[in-house]
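Listed below are the residues making up each chain.
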Amino acid sequence: IIKLYDPDLSNQMAEYALMSVLMCKRKYFQYSKNMKNKIWNQITPLANKDFKITILGYGNIAKLVIKKLQYFGFNIKVWSNSKRNLKNIDYSFGKNKFHESIKGSSCLISLLPDTKLSKDLIGLREFKLLNKESYFINIGRGNTVNQKELLYALKNSILTGSIIDVFKKEPLGINSQLWELKNLLITPHIAGITN
């Protein structure tokens, strides 16, 4: 087994995460809808400290994402499957702490790897635990999310919006209903590209 660590890849993914969080926090999906309907309506965003973010997974990329988001004053929680030595951050680990860690979050960011423990870990039950106005960002692995339940959550306004870079099967099929959603931004697995 060879583990690749590319600092530029981590930087790219941290940039993508920051871009995605700012788009969600600054109401990109609402303004996109307003633009199509030619509606001029100013919406006041939450303060960064009140836009609560839970990051799922803790590795080299997560460390950099956390650092960038903390610089902007975001309130961060971290959850991982296994115990880590984390200080000065709201951190929990293990399956029994999973739901508690995401409850009431404005934004859920998945940086989870594809493992037996993470397969379909995120779905409707988890989305319903988030704030009334909430967002989901996935730059980890597609197999960690139940795509049918993601579709349902977006169609039924359980999630306000989502930014997804990874899918169970890539490229995403042209017949996927996900393409049709106005509150979903799809990118083709480009959050981090190895040089």
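Everything below is about the structure printed above this text.
Residues numbered from 1 in each chain as written. Predicted model: local features only at pLDDT ≥ 70, side-chain atom pairs only at ≥ 80, totals over all residues. Heavy atoms only, no water.

A. The overall build of the protein, seen in detail. The secondary structure content of the protein amounts to six helices and seven strands. Secondary structure elements of the protein, listed N to C terminal, follow the sequence α-α-β-α-β-β-α-β-α-β-α-β-β. Here the C-alpha radius of gyration of the protein, 16 Å, is about what a compact globule of 195 residues would show, namely 16 Å. If one aligns the C-alpha atoms of the protein with their principal axes, the spans along those axes are about 50 × 40 × 35 Å. Summed over its atoms, the accessible surface of the protein is roughly 11500 Å², and 53% of this surface lies on carbon and sulfur atoms. Positive and negative charge centroids in the protein, built from 30 and 14 side chains respectively, lie 4 Å apart. (Helix = DSSP H or I, 4+ residues; strand = E, 2+ residues; numbered from the N terminus. Rg over C-alpha atoms; globule rule 2.2 N^0.38 Å. Areas by Shrake-Rupley, 256 points an atom, 1.4 Å probe, with all protein chains shown as cover. Lys, Arg positive; Asp, Glu negative; His and termini not counted. Charge placed at Lys NZ, Arg CZ, Asp CG, Glu CD.)

B. Region of interest: unusual backbone geometry. Of the consecutive residues Glu-170 and Pro-171, the connecting peptide bond is found in the cis state with omega at -5°. For Pro-171, the location among the structural elements is in the loop between strand E6 (161–164) and strand E7 (184–186). For Asp-120, which is not glycine, the phi torsion reads 50° and is therefore positive. Relative to the helices and strands, Asp-120 is located in the loop between strand E4 (107–110) and helix H5 (124–129). Despite not being glycine, Ser-157 has its phi angle at roughly 55°, a positive value.

C. Local environment of the side chain of Ser-105. Tracing the sequence through the fold places Ser-105 in the loop between helix H4 (98–102) and E4. On the accessibility criterion, Ser-105 (2% relative accessible area) is buried. (Buried < 20%, exposed > 50% of the residue type's maximum accessible area, 1.4 Å probe, protein only.)

D. Region of interest: the nonpolar core. One finds Val-21, Ile-53, Ile-55, Leu-69, Ile-76 and Ile-109 to be the most contacted residues of the largest nonpolar core, which totals 33 residues. The set of elements that each furnish at least two residues to this core consists of helix H1 (7–25), strand E1 (53–56), helix H3 (60–71), strand E2 (76–80), E4 and strand E5 (135–138). Looking at this core element by element, the count peaks at nine residues for H1. Beyond its immediate chain neighbours, meaning those up to four positions away, Ile-109 contacts Val-21, Ile-53, Thr-54, Ile-55, Leu-56, Leu-69 and Ile-137. (Core = buried A, V, L, I, M, F, W, Y, C linked by side-chain atoms within 4.5 Å. Contact = heavy atoms within 4.5 Å.)

E. Spotlight on the environment of Cys-107. Structurally, Cys-107 is set in strand E4. Separated by 41 residues in the primary sequence, Cys-107 and Lys-148 place their C-alpha atoms 20 Å from one another. Beyond its immediate sequence surroundings of up to four residues, Cys-107 is in contact with Val-21, Phe-51, Lys-52, Ile-53, Thr-54, Tyr-135 and Ile-137.

F. How the structure looks around the packing of aromatic side chains. Evaluation of the coordinates by the stated rule reveals eight aromatic pairs. Pairing Phe-29 with Tyr-135 gives two aromatic rings, centres 6.3 Å apart and planes at 20°, and the pair type is stacked. Highlighted residues: Phe-29 in helix H2 (residues 28–36) and Tyr-135 in strand E5, separated in sequence by 106 residues. Each member of the pair Phe-29 and Tyr-135 is classed as buried. Judged by centre distance (4.6 Å) and plane angle (55°), the ring pair of Trp-79 and Phe-98 falls under tilted. (Phe/Tyr/Trp six-rings, centres within 6.5 Å; stacked < 30°, edge-to-face > 60°.)

G. Molecular detail of H3. Compared with the 16 Å implied by 1.5 Å per residue over twelve residues, the 17 Å span of H3 between its first and last C-alpha is a close match. Taken together, the buried residues of H3 touch H1, E1, E2 and E4. Phi for Gly-73, located one or two positions after H3, is positive at around 85°. (Expected span 1.5 Å × (residues − 1).)

H. Summary view of the sheet that holds E4. Taken in spatial order, the seven strands line up as E3-E2-E1-E4-E5-E6-E7 in an open sheet, and their pairing is parallel. Only two strands of the sheet have a single neighbouring strand rather than two, namely strand E3 (90–93) and E7. Averaged over all adjacent pairs, the angle separating strand axes in this sheet is 15°, with direction ignored. Strand direction decides the pairing type here: E4 and E5, joined by four bridges, are parallel. Opposite Ile-109, over in E5, you have Ile-137 as the bridge partner. Relative to E6, helix H6 (residues 147–155) is tilted by about 145°, and along the sheet it contacts E5, E6 and E7. (Pairing = 2+ DSSP bridges. Axes fitted to C-alpha atoms, helices over the stretch in contact; angles between N-to-C directions.)

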